[in-house]
Amino acid sequence: MTAPGGEALSLKRMSLNTASVRHAPISSAIAACAEAGVGGVGVWRHQVAEAGASAIAEQCRSAGLRITSLCRAGLFPADSQSARAAQIDDTRRAVDEAAELGAEILVIVSGPVAQRSIEASRRMVREGLDAVLPYADECGVAVGLEPLHPMFAADRSVVVTLGEANDLIAELDHPRLRLVVDVYHCWWDAQVHAEIRRAVGRIGGFHISDWVPPWGNPLLCRALPGDGCIDIRGLRRSVEAAGYDGLIEVEVMNEALWERPLDEALPAICDRFTAHA
């Protein structure tokens, strides 16, 4: 099945964000992606801590898979200077991990409200990025700022629109700083296509899933592409028109999907990718 309005993409354009198959060992996920003909994987830092960056990188190289992203670092706002410094140090460690992996981008989530001030918190995000970017440049690592849906502003991200992220990227004007576009977080924004156009040449990642009403935990209610209301293909066309030609990460955090074994979950993800990406 192909979604209306365009041809199906090859699975070589797909990257599996391993959060979509949370309970599968990273080595099993990599092997399954290689067998299925998927182009890459996006990995998480806890997996690097468990399996080792060099082992993950070697398995992906041997399998012909790209490592499209390392998730995640940042979370810069905090109530004390020492806590903010600790987050900057942790993000520098994440840069080291991304460099060892050969990851195409290190995903940055800005972090929650601190000091009961969203304005101060956004300044802390700018300061945190400003402190980390020179080190990322030394290590040859691209850093991608991913704005999250406004419902996450209190506890995860005070940068909630592509417009805010674009403003910050323009202000810092650093060659290693990119924008990560995740359809789950930005599909609702009336300015989404205009802000994607504004990011021409600076989009470093494109993540897809679908939106169903978050009656449960909003972290875990992403749907497989095609099950919700997002015009994924229209957004894909916009990011490609803005110069993005990288792999497309499927990132579906969904408890029902997690309950399925890897040999059922991955084919379902692949089918939805070719139908709706």
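Here we summarise the structure given alongside this text. (Residues numbered from 1 in each chain as written. Predicted model: local features only at pLDDT ≥ 70, side-chain atom pairs only at ≥ 80, totals over all residues. Heavy atoms only, no water.)

### With respect to the nonpolar core
A general tendency of soluble globular proteins is for nonpolar side chains to be buried together.
Link 1 in the chain: Met-14 and Leu-129 are the most contacted members of the largest nonpolar core, which totals 81 residues.
Link 2 in the chain: For this core, the leading source of residues is helix 11 (residues 262-276), giving 6 residues.
Link 3 in the chain: Excluding anything up to four places from it in sequence, Leu-129 contacts Phe-76, Ile-108, Val-143, Leu-145, Leu-168, Leu-172 and Leu-177.
Link 4 in the chain: Membership of the second largest hydrophobic core comes to 9 residues, among which are Ala-19, Val-107, Val-180 and Trp-258. (Core = buried A, V, L, I, M, F, W, Y, C linked by side-chain atoms within 4.5 Å. Buried < 20%, exposed > 50% of the residue type's maximum accessible area, 1.4 Å probe, protein only. Helix = DSSP H or I, 4+ residues; strand = E, 2+ residues; numbered from the N terminus. Contact = heavy atoms within 4.5 Å.)

### Things to note about the pattern of salt bridges
Pairing between side chains becomes possible if they bear opposite charge and their charged atoms approach one another.
Link 1 in the chain: Applying the stated criterion across every chain, the model contains 19 salt bridges.
Link 2 in the chain: With a shortest N-O distance of 3.4 Å, Asp-90 and Arg-93 are connected by a salt bridge. Taken together, the residues span about one helical turn, with Asp-90 and Arg-93 both in helix 4 (residues 81-101) at a distance of 3 residues.
Link 3 in the chain: For Arg-93, a relative accessible area of 43% gives the class partly exposed.
Link 4 in the chain: When salt bridges that share partners are traced, they join Arg-45, Asp-90, Arg-93 and Glu-97 into one network. (Salt bridge = Lys/Arg side-chain N within 4 Å of Asp/Glu carboxyl O.)

### Focus: helix 11
Link 1 in the chain: The terminal C-alpha atoms of helix 11 lie 21 Å apart, and with 15 residues this matches the ideal 21 Å at 1.5 Å per residue to within 8%.
Link 2 in the chain: If you follow the buried residues of helix 11, they end up packed against strand 1 (14-17), helix 1 (26-36), strand 7 (203-208), helix 9 (232-241), strand 10 (248-250) and helix 10 (255-258). (Expected span 1.5 Å × (residues − 1).)

### A closer look at helix 4
Each full turn of the α-helix corresponds to 3.6 residues, which orients residues three or four apart in the same direction.
Link 1 in the chain: With 21 residues, helix 4 should cover 30 Å at 1.5 Å per step; its first-to-last C-alpha distance of 30 Å lies within 8% of that length.
Link 2 in the chain: Looking at helix 4, one finds that the buried residues are Arg-84, Ile-88, Asp-90, Thr-91, Ala-94, Val-95, Glu-97, Ala-98 and Leu-101. The buried residues of helix 4 occupy an angular sector of 165 degrees when the element is viewed end-on, so they sit on one face. Exposed residues on helix 4 whose side chains face more than 90 degrees from its buried face are Gln-81 and Ser-82.
Link 3 in the chain: Against strand 2 (40-44), helix 2 (45-51), helix 3 (53-63), strand 3 (66-74), strand 4 (106-109) and helix 5 (118-139) lie the buried residues of helix 4.
Link 4 in the chain: Within two residues after helix 4, Gly-102 carries a phi angle of roughly 75 degrees, on the positive side. (Arc of directions from axis to C-beta.)

### Considerations on the environment of Val-181
Link 1 in the chain: Of note, Val-181 is situated in strand 6 (residues 177-182).
Link 2 in the chain: Since its relative accessible area comes to 0%, Val-181 is described here as buried.
Link 3 in the chain: Remark: the alpha-carbon pair of Val-181 and Gly-205, spanning 24 residues in sequence, is separated by 6.1 Å.

### Things to note about the sheet that holds strand 10
Link 1 in the chain: An order of 1-2-3-4-5-6-7-10 is seen for the 8 strands of this closed barrel, with the pairing classed as parallel. Put simply, the sheet's adjacent strands are angled 30 degrees from each other on average, direction ignored.
Link 2 in the chain: Where strand 5 (residues 143-145) meets strand 6, 3 bridges bridge the pair, whose relative direction is parallel. By the bridge assignment for strand 6, Gly-144 is matched with Arg-178.
Link 3 in the chain: Against the sheet, helix 6 (residues 162-172) touches strand 5 and strand 6, its axis set at about 170 degrees to strand 6. (Pairing = 2+ DSSP bridges. Axes fitted to C-alpha atoms, helices over the stretch in contact; angles between N-to-C directions.)

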